[in-house]
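Here are the chains, one letter per residue:
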Protein chains: 2
Amino acid sequence: MQIVLLGSGNIATHLGRGLKLAGLDIVQVWSRDYKNAHKLADSLAAQPVKKLADITADADLYLIAVTDGAIADVAKAISTDNRLIVHTSGSTSLDILTSFSSRTGVFYPLQTFSKNKAVDFRQVPIAIEGGNKEVIQFLRLVAERLSEKVIELSSADRLALHVSAVFACNFTNHLYAIAKQLLAQRHLNFDLIKPLITETAERIKDNDPATVQTGPAVRSDLQTVSKHVDFLKDDTRLQEIYEKLSQSIASFNKNSQP
Amino acid sequence: MQIVLLGSGNIATHLGRGLKLAGLDIVQVWSRDYKNAHKLADSLAAQPVKKLADITADADLYLIAVTDGAIADVAKAISTDNRLIVHTSGSTSLDILTSFSSRTGVFYPLQTFSKNKAVDFRQVPIAIEGGNKEVIQFLRLVAERLSEKVIELSSADRLALHVSAVFACNFTNHLYAIAKQLLAQRHLNFDLIKPLITETAERIKDNDPATVQTGPAVRSDLQTVSKHVDFLKDDTRLQEIYEKLSQSIASFNKNSQP
């Protein structure tokens, strides 16, 4: 099986490595920035490609892993020979591809990828979608080479999954950054709070998060809430986040425990 | 060493168990609700106490683990014989105790305690504070029986630690609850997102969270942000949280990478 990889960012890089490790053949890498294409291609023993017009016509899969806003342009530029064109975006509908080929799909790995950290794809859920059964079967085979957790999702479900991932991962990581900043302002080490972060993430493996919610907001401990809001008085942004999330905790837990 | 435990909530329960396991002697347990005092006392082989006036005068440590708003009342009620009176609150100053005894302190375990989940105190940071050196030395000895991570903090530093814990733990857990709800609305299983939650929490053990921030907000991918805000259009509360946190990510990462 021959794969052409379009893109050289975090997802393209990790997906390329994962596919390669799974024994699949990345034949070419294209990127808007040829330098990046070259670098990634080298690490995958693939050929770097300068122009989209120079991409091989013989690949079994054209995997578009570029920013969401560029997917349609890339798809259009490679839309000949009824190629199998697949994007990797959480929030982009399959429809965006359908005018360019009758063989289209989505291959969305649900993980957060950092430049310098390897990913074990076995545990990474991969959501697939295809314009027809043949494509779905094919993408399932590819995905199962990488991961134990392959799931077929509609574009609407994948969008919901992506939004929930933004809450559970991107926003959560930002709260860690805020916590670190608050500690640093008093010369306290971020390490102090790491056991708490670990426990909070571990606990929901076997518990519904709403039922293990702790803290002043869920206890309706308004005295502590107002002490904290006062503590944050020099940072309106943090005050607003504190208040919004505290109100949300209070109403969420009221609604779920009628 | 003899300890009197005042309170029967999550902190009192877990702290009582931890002290007991560390070989310290809980002689009495008092709680506003005698039934709860009885239950906790039984599990600690201690004597339940109905009235604050009936607690023993001979204990080495009177540990107040009640809601913040009730600390002063309890301290006042037991303020004879210059007893060593210590509270366990993150956001309450040591000062609240100083009018009731010349021997006062704080013993604050930084962890999230759930009713049905045992806690390994060895890894739980314990922040201590004391009105004088003798108290600090004593509390350090007690704390070191429980934990490898004992730190002396001022009331102001402890408040900062507590606020940062609310961001990193309470708010984070609420984001997990939101993610679960968003998935459930489309009949998707919360398990799908658990590897992502684990990876996000694991990653910051060796990385500054600001430098590993991912997602549409930090990429300035406004197209995806607006898709997500539109997806949340039936829930103003979630829309506001999404927007506030996305704005915060954008400004935070701009400021930290000048």
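Relevant structure appears above.
We now turn to the structure provided with this report. Because the structure is a prediction, the values reported are computed rather than measured. (Residues numbered from 1 in each chain as written. Chains lettered and ligands numbered in written order. Predicted model: local features only at pLDDT ≥ 70, side-chain atom pairs only at ≥ 80, totals over all residues. Heavy atoms only, no water.)

Tallied over the entire structure, the rule returns 24 salt bridges over all chains. Of the charged contacts in the structure, one is a salt bridge between Glu 202 of chain A and Lys 205 of chain A, with a shortest N-O distance of 3.1 Å. (Salt bridge = Lys/Arg side-chain N within 4 Å of Asp/Glu carboxyl O.)

Residue and element names in this part refer to chain A. Strand order in the open sheet formed by eight strands is 3-2-1-4-5-6-7-8, with mixed pairing between adjacent strands. Each having just a single partner strand, strand 3 (47–49) and strand 8 (150–152) make up the two edges of the open sheet. Neighbouring strand axes in the sheet, compared pairwise and without regard to direction, differ in orientation by 25° on average. Contacting strand 1 (2–6), strand 2 (25–30) and strand 3, helix 2 (residues 34–43) runs over the sheet at an angle of about 165° to strand 3. Helix 6 (residues 155–184) rests against strand 5 (85–87), strand 6 (104–109) and strand 7 (126–130) of the sheet, and its axis sits at about 20° to strand 6. (Pairing = 2+ DSSP bridges. Helix = DSSP H or I, 4+ residues; strand = E, 2+ residues; numbered from the N terminus. Axes fitted to C-alpha atoms, helices over the stretch in contact; angles between N-to-C directions. Contact = heavy atoms within 4.5 Å.)

Looking now at the interface of chain A and chain B. At the junction of the two partners, chain A supplies 85 residues and chain B supplies 85 residues. Taken together, the connections running from chain A to chain B amount to six salt bridges. Counting every contact that joins chain A to chain B gives 33 residue pairs in polar contact (both at pLDDT 80 or more). Going through the elements one at a time, helix 6, helix 7 (194–203), helix 8 (222–231) and helix 9 (236–256) of chain A are the ones with two or more residues in the side of chain A that touches chain B. With 27 residues, the single largest contributor to the side of chain A that touches chain B is helix 6 of chain A. When the residues that make up the side of chain A that touches chain B are grouped by side-chain class, the tally is 44 nonpolar, 25 polar and 16 charged. (Polar contact = N/O pair within 3.5 Å; in protein donor to acceptor, adjacent residues only side chain to side chain. Nonpolar A, V, L, I, M, F, W, Y, C, P; charged D, E, K, R; others polar.)

Remember, this is a structural readout, not a statement about activity or role.
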